[in-house]
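Here is how the chains run, residue by residue.
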Amino acid sequence: MLKRTRLGRHWWGLVFVLPVVLFFAVFSVFPVLFGFAISLTDYNLLDEPFYVGFDNYRNLLDDRLFLTAFKNTLVFVFGATLPVWILSLAVAVLFDQAFRGREFLKTLFFLPVLPPVVVVAVIWRLLLHPNGVMTWFAGGHQGITEIPWLANTTLAPLAMIVVHDWAVIPFFMVIWLAGLAGVPRELREAARLDGASSWQMFWHIDLPQLRATAVLVAALSSINAFQTFTLQYAMAPDPGGPANSTLVLGLLVLKYGFQYFRMGDAAAVSVVMFAMILVVTAIQLGFNRRVR
Amino acid sequence: MTLRRLAFAFAVGVAVQVVVGLGGAAAQQVTLKVWMHEHPPRIPIDKAIVAEFEKANPNIKIQYDVLGVAEYSTKLLTAFASGSGPDIFNQTSALVAQYFTSRIMAPVDLAAMGHANEKVLQDLYGSGLDGIRFGGRLYGIPTEVSNYACYTNNTIWKEAGLDPMKDFPRTWEEFPAIAEKLTQRDANGVPRRRGFDFNWPSAGAFWNSFNALLQQRGGTLVDEATYKAALDTPTNHRTFQYLIDWAAKHRLGGPQYTDSRTDFLGGKLGTDCTFGIWGIPQMHDAKIDFTVRPAPRFADATSDNGMNAYAYYMMVNARSSTAVQKAAWAYVRYYSDQAERLFAGSGLFVPRPEVAARAIDANSRVFLDELKKAKFPPRVVGYSQVLDAVMRGRDRMIQGGEPAAKVLPELNKDIDVILQRERARAEALNR
């Protein structure tokens, strides 16, 4: 009787989760599998796809555009993760202290997270006009009146990273703050009684307690950075430019698929992106498990 | 009993008649799916044309959709991929090569259009058909044929003591000196107002203007007939060098600046050469006192072309049924006969005699005269890839500071790889 009731409960459970499972299967699993199938074809959207095996993947190895986009993506990921982790943690630690006007400043600091990325891109495009506000800030005192922020092959990728970091640091700050709120106060009190300095308390108490938060921040920021697209599309005067210096894998997928009529190659790049994100996330999760 | 049977047979007969009749009517009824890219002033005229056509052809129903310019090509592509593409669509001459290769476009059906022969169309549109002719056959009818010419902001020119009619440069070699006179610089020599600049950020505008510059000296970016890149030639090196000098040596502009059209309409640019005849209403809206002048030529030009021509064509889906295609060509004929009305209401020009007769002012005449000499840029499969490659090469030289002697051979090689790949693919499809 008991067994039958349990079984019945199990069945009801399955019925309840079925819509979500179906939704996930149709809108997540199927597109991934379909994308992989497309990556094995030569397909221009207008004609029937024809099977080419792993040729698209082999071709990527000496595809100059892909290699450029791959390199640019790695540079962007580096610039959009490590500084973000450190700076967002630093700001979170700052806002974890009690001081006057903290809540107001915290709200103010969180504002860049609110507008959509495309709005951020358009605003920064104006700020980074060669004769614009940022030029005045950066070079006005030295009499410099023109800096081609977005038209220089070195400055443009750097500008993308800075704007991205500016927009996401407040978001990760909130995650760190949530982590810091979970650190038992009595540990700090005990350490303080033992004469530990603020730095020692942070290093030996807060940081080890933030391990799970760190993995979450690392995973989310890496995935977010690997998938970057909007800034490079909307902020550069010409998407991916100048001279492909801001061409990233996400943008290359769009170009291959819908501008170059090379859907097979676009799907292959997507699969590579997927694999990269999977590997990085697995390493981070594995690291977390090992440390535990 | 017999009577009941007779009544039953009669009822069945009537029912069969009704069903067959309805079926017959349904078979004659054709619905055409028409997709056009967005051009707001044209939409009400299009809708009126659709209503008139449907009234004149009660058996043809038009399902008219307007799609935003930015997403138009992508939506068209995905619609064809899913088998739900429109029966009639318009597309720019720059992209038609891909549609031709994929056999999406049906050849013009002269009989369905009610034309006796192709000469009729040739007499109507002249060189406007050059962008849609493949292997001697026509695949569409122009809804817009454009070419660029140079608009001067007369206020800025007068301020600099120049008269656009007398002082506008005849050659590109004369242009830097004139542009310098029109340019206002700050203490560091940075242009605050440019006299003239190329439209660097707009890929399409750059293609239509820069390729024309190469053509003036007998060159081209790509040879459409052989599907080979043609960049790495001494003449083309000199033309690229002209661009590099414009930005780096003369510092008259460059890719770091805003789209030239935007700056011209905002009064920050003295001259722009990437507006078509359709720009005239925009000048009036922006309250700019303007003059249209022909684009300069190089002193050693071997061809008297100004900027390139480009067009939008109305085409019929080759995958639609025969009946639908016939109805579609009938609609295309009806629509194209409204050219004068479309020009008057939306500024879209096609070189039909009745439309040309309306463009009588001096500024419009410049466009018409230049159009006669204009050439279409090369139409190749892989156009977007080639264009991107050219833009990247240009950036390397102008913004990256790499020498043309290094970049152009590499660019030539890259474009050859793109074209060979596309050609091989097209051949595989046609086997």
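This one's a predicted model, so the numbers in the text were calculated from it and none came from an experiment. (Residues numbered from 1 in each chain as written. Chains lettered and ligands numbered in written order. Predicted model: local features only at pLDDT ≥ 70, side-chain atom pairs only at ≥ 80, totals over all residues. Heavy atoms only, no water.)

Asker: Can you explain the overall build of chain A? Please cite residues and give values.
Answerer: Across its full length, chain A holds 14 helices and 2 strands. Whereas a compact globule of 292 residues would reach a radius of gyration of roughly 19 Å, chain A reaches 24 Å, over 25% beyond that. Taking the principal axes of its C-alpha atoms as reference, chain A extends roughly 85 × 75 × 30 Å. Within chain A, buried positions represent 42% of all 292 residues. The contacts in chain A between residues at least 6 apart in sequence include a share of 66% that link residues at least 24 apart. About 16400 Å² of surface is accessible on chain A, with carbon and sulfur atoms providing 72% of the total. Mean positive and mean negative side-chain charge positions of chain A (20 and 16 charges, respectively) differ by 13 Å. (Helix = DSSP H or I, 4+ residues; strand = E, 2+ residues; numbered from the N terminus. Rg over C-alpha atoms; globule rule 2.2 N^0.38 Å. Buried < 20%, exposed > 50% of the residue type's maximum accessible area, 1.4 Å probe, protein only. Contact = heavy atoms within 4.5 Å. Areas by Shrake-Rupley, 256 points an atom, 1.4 Å probe, with all protein chains shown as cover. Lys, Arg positive; Asp, Glu negative; His and termini not counted. Charge placed at Lys NZ, Arg CZ, Asp CG, Glu CD.)

Asker: So what's going on with helix H8 (residues 155-181) of chain A? Which residues, and what values?
Answerer: For H8(A), built from 27 residues, the straight-helix expectation of 39 Å at 1.5 Å per residue is met to within 8% by its first-to-last C-alpha distance of 38 Å. Remark: the principal bend of H8(A), roughly 35°, maps to Val168(A), with a proline, Pro170(A), within the next four residues. (Expected span 1.5 Å × (residues − 1). Bend = angle between axes of the 7 residues up to and from the residue.)

Asker: Explain the nonpolar core residue by residue, including any values.
Answerer: Met235(A), Leu32(B), Tyr99(B), Tyr331(B) and Ile415(B) are the most contacted members of the largest nonpolar core, which has 185 residues in total. Sort the elements by how many residues they give to this core and helix H14 (residues 263-291) of chain A lands first, with 9 residues. When residues are assigned to domains, this core turns out to be shared by domain 1 (3-146 + 310-371) and domain 2 (149-307 + 380-426) of chain B, each giving three or more. Residues Leu89(A), Val91(A), Val168(A) and Phe172(A) belong to the second largest nonpolar core, which totals 16 residues. (Core = buried A, V, L, I, M, F, W, Y, C linked by side-chain atoms within 4.5 Å. Domains from an automatic or database assignment.)

Asker: Outline a nonpolar patch on the surface, listing residues and values.
Answerer: Residue and element names in this part refer to chain A. Together, Leu94, Phe99, Phe104, Leu105, Leu108, Leu111 and Leu114 line one region of the surface with nonpolar side chains, adding up to about 690 Å² of accessible area. Top contributing element to the nonpolar patch by residue count: helix H5 (residues 102-110), with 3 residues. Here Leu105 lies in helix H5. What makes Leu105 partly exposed here is its relative accessible area of 38%. (Patch = residues over 30% accessible without salt bridge, like charges linked within 9 Å, V, L, I, M, F, W, Y side chains within 5 Å. Salt bridge = Lys/Arg side-chain N within 4 Å of Asp/Glu carboxyl O.)

Asker: An account of the packing of aromatic side chains is requested, with residue identities and associated values reported.
Answerer: Residues and elements named next belong to chain B. Summed over the entire model, instances satisfying the criterion amount to 50 aromatic pairs over all chains. When the ring of Tyr151 is compared with that of Phe275, the centres are 5.4 Å apart and the planes differ by 70°; the resulting orientation is edge-to-face. Placement of Tyr151 in strand E7 (residues 149-153) and of Phe275 in strand E12 (residues 269-275) is noted, with a sequence separation of 124 residues between them. Across the pair, exposure class does not vary: Tyr151 and Phe275 are buried alike. With 5.6 Å between their ring centres and 40° between their planes, Tyr151 and Phe290 make a pair best called tilted. Pair noted here: Tyr151 is in strand E7 and Phe290 is in strand E13 (residues 290-293), with a separation of 139 residues, a long-range link. Given a relative accessible area of 0%, Tyr151 falls into the buried group. (Phe/Tyr/Trp six-rings, centres within 6.5 Å; stacked < 30°, edge-to-face > 60°.)

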